[in-house]
Amino acid sequence: MADTDAHPITVAIERRIDPTRTAEATSWMQAGTDLATAFPGFLGSGWVRAGEDSDLWYMLYRFRDITTLEQWETSSQRQWWLDSGRPFAREERVERRTGIEGWFDASLGSVLTGTDATTQAVQQPVPPAPPRWKQAVTIWIGFFPTNLLASWLLGFIPGFAEVPLPLRVLGTTLLLTPVMTYAVLPCVTRLLRPWLQRPPRPRKVSS
């Protein structure tokens, strides 16, 4: 199995719900969450409404990897659940987040409260992932000082400067990749979260 398949995958689904059938939709969303908990690799799920009077509802669920996610998404249980909701729920958009975008997934921080138990819905909208330029800035802020420190420390290793450049780069990236993934980027995204979640300013329309 490819290494990319081992990353947890978050699926965000946007649905339009018939406002006259809110009670049925609430039970239906909870039933979907309950079904997913029984599948291997399930890491959590939750759902939110955009507002008390809105017909826009969001659902999130996360699985350990692509294999376990597909077991859930292709299961007869999920198909039965989807069919039962078609009279009042219309799917508008589906987005999968994995790999690097998982570091910027603000949605899970506000919706998922646990990995093993069914989560409770909260009345707040699901924020989207920050724009790519903000993601790039965040990665650079973490990578530059980490790379600078590593380059300085590695310079104290006798003979390291004489190692061929491709091998030096290989060794440095092998060392820094797990440090960035498990320590630096989670810390940087936590510190920058208010900025990452800040909505863009509306553009002025010239008359």
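Conventions and cut-offs
Residues numbered from 1 in each chain as written. Predicted model: local features only at pLDDT ≥ 70, side-chain atom pairs only at ≥ 80, totals over all residues. Heavy atoms only, no water. Salt bridge = Lys/Arg side-chain N within 4 Å of Asp/Glu carboxyl O. Buried < 20%, exposed > 50% of the residue type's maximum accessible area, 1.4 Å probe, protein only. Phe/Tyr/Trp six-rings, centres within 6.5 Å; stacked < 30°, edge-to-face > 60°. Helix = DSSP H or I, 4+ residues; strand = E, 2+ residues; numbered from the N terminus. Pairing = 2+ DSSP bridges. Axes fitted to C-alpha atoms, helices over the stretch in contact; angles between N-to-C directions. Contact = heavy atoms within 4.5 Å.

A.B. asks: Can you tell me about the pattern of salt bridges, naming the residues and giving the values?
C.D. replies: Enumeration over the complete set of coordinates arrives at 9 salt bridges. For R86, the salt bridge is made with D83, and the minimal N-O distance between the two is 3.0 Å. For R86, a relative accessible area of 51% gives the class exposed. Across the salt bridge formed by R93 and E95, the nearest N and O atoms sit 2.9 Å from each other. Three or more residues are tied together by salt bridges with common partners; here these are E14, R93 and E95.

A.B. asks: Describe the packing of aromatic side chains, and please don't skip the residues or the numbers.
C.D. replies: Within a pair of aromatic rings, the relevant descriptors are the distance that separates the centres and the angle that separates the planes. Applying the stated criterion across every chain yields a total of 10 aromatic pairs. Centroid distance W28 to F88: 5.7 Å. Interplanar angle 90°. Geometry classified as edge-to-face. Placement of the pair is W28 in helix α1 (residues 22-37) and F88 in the loop between α3 (76-85) and β4 (89-97), with a sequence separation of 60 residues. Summarising the burial analysis for this pair, W28 and F88 share the class buried. Residues W133 and W195 carry aromatic rings whose centres are separated by 5.7 Å and whose planes lie at 75° to one another, so their mutual orientation is edge-to-face. Here W133 is found in helix α5 (residues 132-154), whereas its partner W195 is found in helix α7 (residues 193-197), with 62 residues between them in sequence. W133 gets classed as exposed once you look at its relative accessible area, which sits at 52%. Judged by its relative accessible area of 23%, W195 is partly exposed. In this structure an aromatic cluster arises from ring pairing among F39, F42, Y61, F63 and W72.

A.B. asks: Can you explain the sheet that holds strand β1 (residues 9-17)? Please cite residues and give values.
C.D. replies: Spatially, 4 strands are ordered β2-β3-β1-β4 in an open sheet, and the strand pairing comes out antiparallel. What marks the edges here is a single partner per strand, and that holds for β2 (42-49) and β4. Between one strand axis and the next, the sheet turns by 15° as a mean value, whatever way the strands run. Pairing between β1 and strand β3 (residues 56-63): 8 bridges, direction antiparallel. The residue bridging R16 from the neighbouring strand is L56, located in β3. Sheet strands touched by α3: β1, β3 and β4. Its angle to β1, the strand with the most contacts, is close to 20°.

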